[in-house]
Amino acid sequence: MTGAQAIVECMKMEGIADVFCVPGESYLPLLDALHDEASIRLISARHESGAAFMAEAYAKSRLKPGVVMATRGVGAANLSIGVHTAYQDSTPMVVFLGQVHSNFRGREGFQEVDLDRYFGHIAKWTVEVKDADRMPELVQRAFRMAQTGRPGPVVVSLPEDVLPSEAAMTFGPPTIKPKPAPSQEEIDRVKELVLKAEKPLIIAGGGVKSAQAEDALVTFAESYHLPVIAAFRRHDVFPNDHPLYAGHLGLGTNPNILETVEEADLIIALGTRLSEVTTQDYKIITPDKQLIHIDISYDTIGKVYSPDIGIAADVKEALKGFSEMEIQPRWTGWADKRHKEYERVSHIDISHNDVINKHIMAMLNNTLPEDALLTNDAGNFAGWLHAYYTFTKKHTYVGPTSGAMGYGMPAALGAKLAFPKKPVVALSGDGGFMMTVQELETAVRHHIPVICVVFNNQMYGTIRMHQEIHYPEKVIGTDLGNVSFADLAASVGADGHTADTPGEFAQVLETAMKTERPTVIEVFTNKEQISVSSTITQIRNRVQE
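Reading the values: rules and limits
Along each chain, residues carry numbers from 1 onward, in the same order as the chain's sequence is written. Local features are withheld for residues below a pLDDT of 70 in this predicted model, meaning they are given only at 70 or higher, and side-chain atom pairs are given and counted only at 80 or more; totals for whole chains, interfaces and linings count all residues. Note that water and hydrogens are dropped before the side-chain values are worked out from all heavy atoms of the structure. Classification of residues uses two cut-offs on accessible area relative to the type maximum, computed with a 1.4 Å probe and protein chains only: under 20% is buried, over 50% is exposed, and between them is partly exposed. By the criteria applied, helices consist of DSSP H or I runs no shorter than four residues and strands consist of E runs no shorter than two, each listed in order from the N terminus. If DSSP finds at least two bridges between two strands, the strands pair. Stacked, edge-to-face and tilted are the three classes for Phe, Tyr and Trp ring pairs, Trp counted by its six-membered ring, which pair at centre distances within 6.5 Å; planes under 30 degrees apart are stacked, over 60 edge-to-face, the rest tilted. By definition here, charges over rings are those cases where NZ of Lys or CZ of Arg is within 6 Å of the ring centre and within 35 degrees of the ring normal. Whether two residues touch is decided by their heavy atoms; if any such pair falls within 4.5 Å, the residues are in contact. In this analysis an axis means a line fitted to C-alpha atoms, helices contributing only their contacting stretch, and an angle means the value between N-to-C directions, from 0 to 180 degrees. Think of a salt bridge as a Lys or Arg side-chain nitrogen and an Asp or Glu carboxyl oxygen that are within 4 Å of each other. Take the buried Ala, Val, Leu, Ile, Met, Phe, Trp, Tyr and Cys residues and link them wherever side-chain atoms come within 4.5 Å; each set so joined is a nonpolar core.

The subject of this paragraph is the pairing of strand 12 (residues 309-312). Consecutive side chains along a regular strand alternate between the two faces of the sheet. Burial along strand 12 is one-sided: the face carrying Ile-309 and Ile-311 is buried and the face carrying Gly-310 and Ala-312 is not. Of the pairings in the sheet, the one linking strand 11 (residues 290-295) to strand 12 comprises four bridges and is parallel in character. Paired with Ile-292 across the strands is Ile-309, a residue of strand 12.

If you want it as structure tokens, here you go:
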């Protein structure tokens, strides 16, 4: 078979059902091979960054590798932000990139970029396939690398002459993900540290979701009455209404939630790389705390903090191993207190004086079914989501820990394709939404019914906030023009609505949930209320003081 047909065969063996792309002439044989394969659906996007975000969110949702394709240097550069997102978010993704003809390499051929070197720093592995008969070997390795250990993106460069070349192909078995478990000695050491603790705390990250260990985490936490706090943008890792949930470590986290980590004397970090945001600029886990760090990748353990115990293990297998520890918790009162503190600061008491953002979070909580999935873009508008929305079921949240703008709406398309029966709602600011707004047409063309809520304050709000903190009143580059997102939606065949008041939002949300069509709800928000906790005036006054 041809090199292109071998790639499709590898996809089938790995159970790939959906592939995302912007088409390009450099990989036409691969597109042709996909045309002849009925079991794989091709989603053609309007921009490579949108296609990459769709694939990344699809992978997060379905827990299968996301597959995205683009052409040579220009397409590759456009989708690189999606590769970086997958890298920082530990998302399994395989990227196939067309490359110039082998005979033209090194001559600065048309759109030539040394792709494996270009992506070397932001991908887990990169490779260029130079011989057609090695296609199965290298593509199967790419799928294995993307899924095993710490998941991540793998980039495969495909010279255009290799794709149509025929060769005798030999395929190995599909990927089986290893699930290492802790040794008895490691379990005994964990038990010893937990027994000594007065205020132990679990920080749960994406590794819990990758291992499908959400239920095991609930059982583990309940067995020893351990409070659980979610790592940055891993809200659905633990039920937010559970009596042991203590909050989320994100941007602008309420000080009362941070106090839980500050008081803890033992941190049990499960499947988290303890990122800059989760650790509040690497400050919140202090030397006086003991640390048990469990992760599928030993490279992650000790990269930020030297642990007292570091265990390279699948989180689900680790939690099974810890289930037989004989421990009588002495910290039940503290754990209960920390949950009540989370409840107090996250409870929504709505009054007519509250900004519409807060009203919308209350409506989403009360209107959406428990299994609805939310995605979000980067921006201050997300502060209201992080502070007030309650995620009670697993697989109900997808967000970029990399903080990529333009992520929210295309991510919703990927998530909806992974979970076609779930209602999927994307939350974006006007700045981020406009970066990938063209993918609304993709949603219409492929009949992907997502609801997009756009908070429009006509500015890059997060940057304006930092501008006011560091250079008050010296506003430059952050104001944006007037765009009617409702009209823009209508122009590509989606439904477009506007909402000035909470009542109007409630009406159009109800309509959107019934129509099952791609829908944009444009919410006009006040520039002055720049974040959950501060107005522009309050920031300026604090700086002047």
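Further remarks concern the packing of aromatic side chains. For the structure shown, the criterion picks out 12 aromatic pairs. With centroids separated by 6.4 Å and ring planes inclined at 20°, the aromatic side chains of Phe-238 and Tyr-245 adopt a geometry described as stacked. Judged by its relative accessible area of 1%, Phe-238 is buried. Both rings, one in Phe-381 and one in Phe-455, keep their centres 5.8 Å apart while their planes meet at 20°; by these two values the pair is stacked. Linking Phe-381 in the loop between strand 13 (373-376) and helix 14 (382-388) with Phe-455 in strand 16 (residues 451-456), this pair joins segments that are 74 residues apart in sequence. What makes Phe-381 buried here is its relative accessible area of 9%. Ring pairing ties together the aromatic residues Phe-220, Tyr-224 and Phe-322, which thus form one cluster. Between Arg-150 and the ring centre of Tyr-87, over which it is positioned, the NZ or CZ distance is 5.6 Å. Stacked on the ring of Phe-419, the Lys or Arg Lys-422 has its end atom at 5.1 Å from the ring centre.

Below, the discussion takes up the sheet that holds strand 17 (residues 495-499). Pairing in this open sheet of six strands is parallel, and the strands run 14-13-15-16-18-17 from one edge to the other. The two strands at the open ends of the sheet, each matched to only one other strand, are strand 14 (397-398) and strand 17. Direction of pairing for strand 17 relative to strand 18 (residues 519-524): parallel, over a ladder of five bridges. Bridge assignment links Asp-495 to a residue of strand 18, and that residue is Thr-519. Sitting on the sheet, helix 15 (residues 408-418) is in contact with strand 13, strand 15 (424-429) and strand 16, with an inclination near 170° to strand 15.

With that settled, consider the pattern of salt bridges. Within the structure shown, the criterion is met by 30 salt bridges. Between Asp-18 and Arg-62 there is a salt bridge, and its shortest N-O distance comes to 3.9 Å. With Asp-18 in strand 1 (residues 18-21) and Arg-62 in helix 3 (residues 48-62), this residue pair connects regions lying 44 residues apart in the sequence. Owing to a relative accessible area of 35%, Arg-62 belongs among the partly exposed residues under this scheme.

Attention shifts here to the nonpolar core. With 57 residues, the main nonpolar core has Ile-202, Leu-217, Phe-238, Ile-267, Leu-270, Ile-292 and Phe-322 as its most contacted residues. Apart from the residues lying within four places of it in its own chain, the contact partners of Phe-238 are Leu-217, Val-218, Ala-221, Val-228, Leu-244, Tyr-245 and Phe-391. Within the second largest apolar cluster, 51 residues are counted, among which are Tyr-58, Ala-70, Ala-76 and Ala-404.

The topology assignment puts Ser-402 in the loop between strand 14 and helix 15. The residues contacting Ser-402, other than those within four sequence positions of it, are His-84, Thr-85, Gln-88 and Asp-89.

Moving on, we come to the side chain of Ser-428. Assignment of secondary structure puts Ser-428 in strand 15. The exposure class of Ser-428 is buried, given its relative accessible area of 1%. The contact partners of Ser-428, leaving out residues within four places of it in the chain, are Asp-377, Phe-381, Gly-408, Met-409, Phe-433, Val-453, Val-454 and Phe-455.

We now examine unusual backbone geometry. A positive phi angle is found at His-395, which is not glycine, with a value near 60°. Checked against the element boundaries, His-395 lands in the loop between helix 14 and strand 14. For His-395, a relative accessible area of 19% puts it in the buried group. The backbone phi angle of Glu-516 is positive, close to 55°, even though this residue is not glycine. For Glu-516, the position within the fold is in the loop between helix 20 (502-515) and strand 18.

As a further point, take the sheet that holds strand 6 (residues 153-159). Reading across from one edge, 2-1-3-4-6-5 is the order of the six strands in this open sheet, with parallel pairing throughout. Of all strands in the sheet, those bounded by a partner on one side alone are strand 2 (41-44) and strand 5 (125-128). With strand direction ignored, the average angle separating the axes of adjacent strands in the sheet is 20°. Pairing geometry for strand 3 (residues 66-70) and strand 4 (residues 93-99), over five bridges, is parallel. Across the sheet, the residue bridging to Val-68 is Val-95, located in strand 4.

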